[in-house]
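Here is what each chain is made of, one letter per residue.
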Amino acid sequence: MEKYDVKFKKKFGQNFLKDVNIVKHIVSCANITGKSLVIEVGPGGAIMTRELANVADQVVAYEIDTDLKDELYSRLVGLNNVDVNFCDFLEADLLKDLDKYDYDNLYFVSNVPYYITTPILMKLINSKLNFNKIVMMVQKEVGDRFSTSPGNREYGSITVLLNYYFKVKKEFNVSRNNFVPVPNVDSVIVSFTNREDRLQLNDFDKFQKLVLDSFQFKRKNLKNNLKNYDLNVISDVLSKYNYDLNVRAEQLSVEVFVDIANSI
């Protein structure tokens, strides 16, 4: 079990893994191959960073807590294929940061701070970078939301957006007892693999806005949530799938949202 001599900061959502066997399992889920570059957010005590460095050509880590510099650097001694950027990942210019690296396969593997899970995923999507695979540890309830199907209570806008781009898979659960300090929730490892059968979309920004607007008030139907759109066009699309404007967004598949976005 890993031991850490650091002062954990709640404001950064710091909960460090202590079981290296779990870390090895997480890394194996990424199937890192070829001339590879891996992005990690929140390396903390470097337990995952070291494992990633063993299988990847290059690891680029982002750590917001500058007080961890000494701890991180001491744990990364001898690993010349790891670069640590001490900054807020959400404010980083990914395209600029990665431009200096020569790689064929790009991965994101991370135990991310739970309070910024969705913003991180949206940043990865909006970066337009071509990830071979994304593997993240997230709060178990959030993992359920990412991988659920239409008609379920957990189904939301992030479910639609993620499932447009990726095949989402829950890999395995991780008990809260495998962290220091012990969090109040259990976790799950979720992987995201690019869809080869991705539907043709004319404008992703328009699609994203439509999806977000459709779920703006989850208990309201599309007629109310999309009243600023051309409802006649939307009604025509819905009728193809045996729906009408009284349907709630949580009932609609990715395919329906894509069809609406391409039609408006």
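Residues numbered from 1 in each chain as written. Predicted model: local features only at pLDDT ≥ 70, side-chain atom pairs only at ≥ 80, totals over all residues. Heavy atoms only, no water.

### A few points about the overall build of the protein chain
For the protein chain, the helix and strand inventory stands at 11 helices and 9 strands. Computed over its C-alpha atoms, the radius of gyration of the protein chain comes to 20 Å, within 12% of the 18 Å expected for a compact globule of 264 residues. For the protein chain, the spread of C-alpha atoms along the principal axes amounts to about 65 × 40 × 30 Å. Looking at the protein chain residue by residue over its 264 residues, the buried ones come to 52%. A sequence separation of at least 24 residues applies to 68% of the contacts in the protein chain between residues at least 6 apart. Carbon and sulfur atoms form 43% of the exposed surface of the protein chain, whose accessible area is close to 13,000 Å². (Helix = DSSP H or I, 4+ residues; strand = E, 2+ residues; numbered from the N terminus. Rg over C-alpha atoms; globule rule 2.2 N^0.38 Å. Buried < 20%, exposed > 50% of the residue type's maximum accessible area, 1.4 Å probe, protein only. Contact = heavy atoms within 4.5 Å. Areas by Shrake-Rupley, 256 points an atom, 1.4 Å probe, with all protein chains shown as cover.)

### Brief notes about the packing of aromatic side chains
Using the criterion set out here, one finds 12 aromatic pairs in the structure. Ring centres of Phe 89 and Phe 108 lie 6.1 Å apart, and the angle between their planes is 50 degrees; on these two criteria the pair is classed as tilted. Here Phe 89, found in the loop between strand 4 (82–85) and helix 4 (94–98), pairs with Phe 108, found in strand 5 (residues 105–111); they are 19 residues apart in sequence, far enough to count as distant. Where Tyr 155 meets Phe 215, the ring centres are 6.2 Å apart and the plane angle is 55 degrees; that geometry is what we call tilted. (Phe/Tyr/Trp six-rings, centres within 6.5 Å; stacked < 30°, edge-to-face > 60°.)

### Focus: the nonpolar core
Soluble globular proteins tend to pack their nonpolar side chains together in the buried interior. Grouped together as the largest cluster of nonpolar side chains are 61 residues, with contacts concentrated most on Phe 108, Phe 192 and Phe 207. Those residues in contact with Phe 192 that sit more than four places away from it in its chain are Leu 121, Lys 133, Ile 134, Met 136, Phe 146, Leu 162, Phe 166, Lys 167 and Val 168. Counting residues in hydrophobic clusters, the runner-up holds 28 residues, among them Ile 32, Ala 46, Tyr 107 and Ile 189. (Core = buried A, V, L, I, M, F, W, Y, C linked by side-chain atoms within 4.5 Å.)

### Some thoughts on the pattern of salt bridges
Counted by the stated rule, this structure contains 10 salt bridges. Ionic pairing is found between Lys 209 and Asp 213, a salt bridge with its closest N-O pair at 2.8 Å. Residue Lys 209 and its partner Asp 213 are located together in helix 8 (residues 204–214), separated by 4 residues, close to a single helical turn. Owing to a relative accessible area of 49%, Lys 209 belongs among the partly exposed residues under this scheme. (Salt bridge = Lys/Arg side-chain N within 4 Å of Asp/Glu carboxyl O.)

### Some points on the pairing of strand 9 (residues 187–194)
Burial analysis of strand 9 places 6 of its 8 residues in the buried class, the great majority of the element. Pairing of strand 6 (residues 133–139) with strand 9, which is carried by 7 bridges, proceeds in the antiparallel orientation. Among the inter-strand pairings, Lys 133 is bridged to a residue of strand 9, identified as Thr 193. Across 8 bridges, the pairing between strand 7 (residues 166–174) and strand 9 is antiparallel. (Pairing = 2+ DSSP bridges.)

### Points about the pairing of strand 4
Burial of strand 4 is one-sided: the residues Val 82 and Val 84 facing one way are buried, the residues Asp 83 and Asn 85 facing the other way are not. Two strands pair when backbone bridges link them, and strand 3 (residues 58–62) and strand 4 are joined in this way by 4 bridges, in the parallel orientation. Along strand 4, the bridge assignment pairs Ala 61 with Val 84. Of the crossover connections in this fold, the one passing from strand 3 over helix 3 (residues 69–75) to the parallel strand 4 is right-handed. (Right-handed = clockwise from strand over helix to strand, strands pointing away.)

### Topic: the environment of Glu 63
You can see Glu 63 is positioned in the loop between strand 3 and helix 3. Given a relative accessible area of 4%, Glu 63 falls into the buried group. Sequence separation between Glu 63 and Phe 89 is 26 residues, and the spatial gap between their C-alpha atoms is 7.5 Å.

### Here we look at the sheet that holds strand 9
The strand order across the open sheet formed by 7 strands is 4-3-2-5-6-9-7, and the pairing between neighbours is mixed. Every other strand in the sheet has two partners, leaving strand 4 and strand 7 as the edge strands with one partner each. Each strand of the sheet is rotated relative to its neighbour by a mean of 20 degrees, with strand direction disregarded. Here helix 7 (residues 157–165) sits on the sheet and contacts strand 7 and strand 9; the angle it forms with strand 7, its principal contact strand, is near 110 degrees. (Axes fitted to C-alpha atoms, helices over the stretch in contact; angles between N-to-C directions.)

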